[in-house]
Amino acid sequence: MYLHIGNNKIIRTKDVIGIFDADTATVSKITRAYLSQKEKSGLLTTATEEVPRSFVLYGKKNNEKICFSLLSAKTLAHRNEAENEK
């Protein structure tokens, strides 16, 4: 199954590790450093040109990627749960 995170970007639901609210998660210096490291490594993408509301951590262990989304974390979590129930 797939999770649509906006602007024609989809991620396999089995690869989703976590869905985070961009406003609250980026308060931590550790999270900001992690996101910066992923961006420098080319493992950070975005499904929006506007200010993102959430981001999805996905992939395999030791090869995680991040994608920012305009959709809220609550909406993405609901979509992910709905897809996993199918």
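Our structure's up above, just so we're on the same page.
Computed from a predicted model, the values in this text were never measured in an experiment. (Residues numbered from 1 in each chain as written. Predicted model: local features only at pLDDT ≥ 70, side-chain atom pairs only at ≥ 80, totals over all residues. Heavy atoms only, no water.)

S.K.: Talk me through the overall build of the protein chain; I want residue IDs and the actual numbers.
M.R.: From N to C terminus, the protein chain includes three helices and six strands. For the protein chain, the N- to C-terminal ordering of α and β elements is β-β-β-α-α-β-β-β-α. Scaling as 2.2 N^0.38, a compact globule of 86 residues should have a C-alpha radius of gyration of about 12 Å, and the protein chain matches this with 12 Å. Overall, the C-alpha framework of the protein chain stretches about 35 × 25 × 20 Å when taken along its three principal axes. Of the contacts made within the protein chain by residues no fewer than 6 positions apart, 52% connect residues no fewer than 24 positions apart. Accessible area for the protein chain stands at about 5,800 Å²; split by element, carbon and sulfur atoms hold 51% of it. Here the protein chain contributes 14 positively and 10 negatively charged side chains, and the mean placements of these two sets differ by 6 Å. (Helix = DSSP H or I, 4+ residues; strand = E, 2+ residues; numbered from the N terminus. Rg over C-alpha atoms; globule rule 2.2 N^0.38 Å. Contact = heavy atoms within 4.5 Å. Areas by Shrake-Rupley, 256 points an atom, 1.4 Å probe, with all protein chains shown as cover. Lys, Arg positive; Asp, Glu negative; His and termini not counted. Charge placed at Lys NZ, Arg CZ, Asp CG, Glu CD.)

S.K.: Run through the pattern of salt bridges, naming residues and quoting values.
M.R.: A complete count under the given rule lists three salt bridges for this structure. Of the charged contacts, one joins Glu64 and Lys38 as a salt bridge, the two residues approaching to 3.7 Å between their closest N and O atoms. Here Glu64, found in strand β6 (residues 63-69), pairs with Lys38, found in helix α2 (residues 29-40); they are 26 residues apart in sequence, far enough to count as distant. (Salt bridge = Lys/Arg side-chain N within 4 Å of Asp/Glu carboxyl O.)

S.K.: Give me the lowdown on α2, citing residues and values where you can.
M.R.: The end-to-end C-alpha distance of α2 is 16 Å, a good match for the 16 Å that twelve residues give at a rise of 1.5 Å each. Where α2 begins, the side chain of Ser28 points an oxygen toward the backbone nitrogen of Ile30, at a separation of 3.2 Å. (Expected span 1.5 Å × (residues − 1). Polar contact = N/O pair within 3.5 Å; in protein donor to acceptor, adjacent residues only side chain to side chain.)

S.K.: Please provide a residue-by-residue account of unusual backbone geometry, values included.
M.R.: A positive phi is found at Asn7, a non-glycine position, where the angle reads about 50°. Checked against the element boundaries, Asn7 lands in the loop between β1 (2-6) and β2 (9-12). On the accessibility criterion, Asn7 (60% relative accessible area) is exposed. With a phi angle near 65°, Asn8 is a residue other than glycine that sits in the positive phi range. (Buried < 20%, exposed > 50% of the residue type's maximum accessible area, 1.4 Å probe, protein only.)

S.K.: An account of the packing of aromatic side chains is needed here, citing residue identities and associated values.
M.R.: In the structure shown here, the tally under the stated rule is two aromatic pairs. Between Phe55 and Phe68 the ring centres are 5.4 Å apart and the planes differ by 55°, which places this aromatic pair in the tilted class. Placement of Phe55 in strand β5 (residues 54-60) and of Phe68 in strand β6 is noted, with a sequence separation of 13 residues between them. (Phe/Tyr/Trp six-rings, centres within 6.5 Å; stacked < 30°, edge-to-face > 60°.)

S.K.: Let's hear about the sheet that holds strand β4 (residues 44-46): which residues, and what values?
M.R.: Pairing is mixed across the open sheet formed by four strands, whose spatial order is β3-β5-β6-β4. Two strands in the sheet have a free side with no partner beyond their single neighbour: β3 (16-21) and β4. Pairwise comparison of adjacent strand axes, ignoring direction, gives a mean angle of 20° for this sheet. As paired elements, β4 and β6 share three bridges and run parallel to each other. Opposite Thr45, over in β6, you have Cys67 as the bridge partner. Seen against the sheet, helix α3 (residues 73-85) touches β3, β5 and β6 and runs at an angle of roughly 155° to β3. (Pairing = 2+ DSSP bridges. Axes fitted to C-alpha atoms, helices over the stretch in contact; angles between N-to-C directions.)

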